[in-house]
Amino acid sequence: MTLLGSHISLKAPSYFKGAAEEAVRFGETSFMFYTGAPQNSFRVGLEKMGIPEGKRFLLAHGIDPALLVVHAPYIINLANRSDPGKLRAMEEFVRLEIQRTAEFGAKVLVLHPGSRVGQDEETAFSRLLTSLEETLGDYRGPVRIALETMAGKGSEMGSSLEELAKIRSSFSRPELLGFCLDTCHLNDAGYDVTDVDGLLEEVDHFLGIENVLVIHLNDSLNPRGTRKDRHANLGYGTIGFSALRRFCFHPFLERIPKILETPYVNGLPPYKKEIAMLLSGIYEENWKESLLPLDQGSPMAATSSS
């Protein structure tokens with residue numbers, strides 16, 4: 001059984017239990033969530049999150065909480081030392097997110113590698129490693145960090161497999177670090193995602209397939225190599241449904257959670273439809289037209305870039 005799900009928000013008042021119910025309605029066997037808003041560090045106390053109820057619901061529906069994925073806020077930049085006080089706060093916040101991830105029963109926390117922000121590559125790389133050492137050096141828990149492949153827009157780090165491999169191999173405790181492959185980001189960074197076997201050979205060579213912990217399964221609005229990072233719904237981008245389905249069901253990736261981060265359509269999450277097409281292998285042309293809007297005036301939600 002392939003592990004397939006989507007990004008689901010933890011919303012008041014039911015939080016984790018509500019997210020679990022939504023995942024089951026969508027036909028998911030895993031899902032990803034932020035433990036709070038992705039754009040800030042404010043976090044609701046875990047005692048309000050309905051974690052025990054959510055875990056019981058998931059187990060009753062055959063979903064192991066250990067196969068869920070948590071994503072760290074995208075405001076985190078462990079390579080930026082322009083404000084030492086702010087960096088210390090970020091490091092402490094990542095430690096807190098690791099603890100919160102474990103409380104939900106999940107074992108993977110996805111983290112963007114960061115941005116150079118006016119630094120040369122060598123300096124930014126050195127500062128990222130120092131921050132990872134400060135953040136994870138004495139960690140002894142069950143959670144691993146999955147560094148995400150990035151599209152390379154602006155001064156983003158982590159847009160090449162070589163750089164990600166170097167981060168892991170240079171870290172004093174590489175067993176704590178794995179990787180999250182984002183198909184849209186890989187495409188936009190210049191990799192040929194349509195050549196699934198060829199790409200996975202490269203991934204295995206540089207990262208080791210055994211170190212891939214999560215896959216973000218997204219089509220891309222952009223041609224390969226444009227470094228723009230704009231997600232598209234399955235079949236509505238330049239990668240295409242066929243390649244993404246091969247990626248999803250490749251035998252090397254069977255037990256790795258595949259997470260959809262595709263845009264909402266007419267105010268609605270498209271994941272139940274996209275998952276059904278992936279499972280059946282039958283792509284329906286113009287399928288977005290069948291999703292009725294929640295509100296006739298509701299625009300399509302902004303495309304994700306996580």
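The notes below deal with the structure included here. Just so we're clear, the structure is a prediction, and the values are computed from it rather than from any experiment.

## Here we look at the overall build of the protein
Line of reasoning, step 1. Looking only at helices and strands, the protein features nine helices and ten strands.
Line of reasoning, step 2. For 306 residues, the compact-globule formula gives about 19 Å, and the C-alpha radius of gyration of the protein, at 18 Å, lands near that figure.
Line of reasoning, step 3. Reported as C-alpha extents along the three principal axes, the dimensions of the protein are approximately 50 × 45 × 40 Å.
Line of reasoning, step 4. Within the protein, the fraction of its 306 residues that count as buried is 53%.
Line of reasoning, step 5. Summarising the internal contacts of the protein: among those between residues at least 6 apart in sequence, 77% fall at separations of at least 24.
Line of reasoning, step 6. On the protein, roughly 12900 Å² of surface is accessible, and the fraction owed to carbon and sulfur atoms is 51%.
Line of reasoning, step 7. Considering the protein, the positive charge centre built from 32 side chains and the negative charge centre built from 40 side chains are found 4 Å apart.

## Thoughts on a negative patch on the surface
Line of reasoning, step 1. On the surface, Glu162, Asp195, Asp197, Glu201, Glu202, Asp204 and Glu210 cluster together into a patch of negative charge.
Line of reasoning, step 2. Sort the elements by how many residues they give to the negative patch and helix H7 (residues 196-206) lands first, with four residues.
Line of reasoning, step 3. Secondary-structure assignment places glutamate 202 in helix H7.

## What to know about the packing of aromatic side chains
Line of reasoning, step 1. Applying the stated criterion across every chain yields a total of nine aromatic pairs.
Line of reasoning, step 2. Where phenylalanine 16 meets phenylalanine 31, the ring centres are 6.4 Å apart and the plane angle is 45 degrees; that geometry is what we call tilted. Residue phenylalanine 16 is located in helix H1 (residues 15-25), and its partner phenylalanine 31 is located in the loop between H1 and strand S2 (32-33); the two are separated by 15 residues in the primary sequence.
Line of reasoning, step 3. The exposure class assigned to phenylalanine 31 is buried, which follows from its relative accessible area of 0%.
Line of reasoning, step 4. An angle of 85 degrees between the planes, with centres 5.7 Å apart, marks the rings of tyrosine 236 and tryptophan 287 as edge-to-face. You can see tyrosine 236 sitting in the loop between strand S9 (231-232) and helix H8 (241-248) and its partner tryptophan 287 sitting in the segment after helix H9 (271-280), a full 51 residues away along the chain.
Line of reasoning, step 5. Judged by relative accessible area, which is 1%, tryptophan 287 ranks as buried.

## As for the packing of helix H3 (residues 84-103) against helix H4 (residues 121-136)
Line of reasoning, step 1. Taken N-terminus to C-terminus, the directions of H3 and H4 make an angle of 50 degrees; their axes are 9 Å apart at the nearest point. Taken as axis vectors, H3 and H4 run oblique relative to one another. Pair H3 / H4 crosses with right-handed handedness. Packed against H3, whose contacting residues are Leu87, Glu91, Val94, Arg95 and Ile98, the element H4 presents Ser131, Glu134, Thr135 and Leu136 at the interface.
Line of reasoning, step 2. Within the contact of H3 with H4, the residues separate by chemical class into four nonpolar, two polar and three charged.

## Quick look at the pattern of salt bridges
Line of reasoning, step 1. The tally for this structure, following the rule as stated, stands at nine salt bridges.
Line of reasoning, step 2. Here glutamate 92 ties to arginine 95 by a salt bridge, and the two come within 3.1 Å at their closest N and O atoms. Separated by three residues within a single helix, glutamate 92 and arginine 95 lie in helix H3, roughly one turn from each other.
Line of reasoning, step 3. Given a relative accessible area of 44%, glutamate 92 falls into the partly exposed group.
Line of reasoning, step 4. Since its relative accessible area comes to 25%, arginine 95 is described here as partly exposed.
Line of reasoning, step 5. Look at the salt bridges and you will find they share partners, linking Arg43, Glu97 and Arg100 into a network.

## Details of the nonpolar core
Line of reasoning, step 1. With 83 residues, the main nonpolar core has Phe16, Phe31, Leu78, Ile167 and Phe247 as its most contacted residues.
Line of reasoning, step 2. Looking at this core, the element that brings in the most residues is H4, giving six residues.
Line of reasoning, step 3. Counting nine residues, the second-largest nonpolar core is a separate cluster that includes Val69, Val108, Val110 and Ile259.

## Here's the deal with the side chain of arginine 116
Line of reasoning, step 1. With respect to the helices and strands, the residue arginine 116 is situated in the loop between strand S4 (108-111) and H4.
Line of reasoning, step 2. Not counting chain neighbours up to four residues away, the residues in contact with arginine 116 comprise Glu121, Ala124, Gly154, Ser155, Glu156 and Met157.

## Quick word on H1
Residues three or four positions apart in an α-helix share a direction because the helix packs 3.6 residues into each turn.
Line of reasoning, step 1. Among the residues of H1, those classed as buried are Tyr15, Phe16, Gly18, Ala19, Ala20, Glu22 and Ala23.
Line of reasoning, step 2. In the core, the buried residues of H1 are packed alongside S2 and helix H2 (51-60).
Line of reasoning, step 3. Phi for glycine 27, located one or two positions after H1, is positive at around 80 degrees.

Conventions adopted
- Residues numbered from 1 in each chain as written.
- Predicted model: local features only at pLDDT ≥ 70, side-chain atom pairs only at ≥ 80, totals over all residues.
- Heavy atoms only, no water.
- Helix = DSSP H or I, 4+ residues; strand = E, 2+ residues; numbered from the N terminus.
- Rg over C-alpha atoms; globule rule 2.2 N^0.38 Å.
- Buried < 20%, exposed > 50% of the residue type's maximum accessible area, 1.4 Å probe, protein only.
- Contact = heavy atoms within 4.5 Å.
- Areas by Shrake-Rupley, 256 points an atom, 1.4 Å probe, with all protein chains shown as cover.
- Lys, Arg positive; Asp, Glu negative; His and termini not counted.
- Charge placed at Lys NZ, Arg CZ, Asp CG, Glu CD.
- Patch = residues over 30% accessible without salt bridge, like charges linked within 9 Å, V, L, I, M, F, W, Y side chains within 5 Å.
- Salt bridge = Lys/Arg side-chain N within 4 Å of Asp/Glu carboxyl O.
- Phe/Tyr/Trp six-rings, centres within 6.5 Å; stacked < 30°, edge-to-face > 60°.
- Axes fitted to C-alpha atoms, helices over the stretch in contact; angles between N-to-C directions.
- Parallel < 35°, antiparallel > 145°, perpendicular 65-115°, else oblique.
- Left-handed = near helix turned anticlockwise from the far one by under 90°.
- Nonpolar A, V, L, I, M, F, W, Y, C, P; charged D, E, K, R; others polar.
- Core = buried A, V, L, I, M, F, W, Y, C linked by side-chain atoms within 4.5 Å.

So far we have only geometry, and geometry alone does not tell us how the molecule works.
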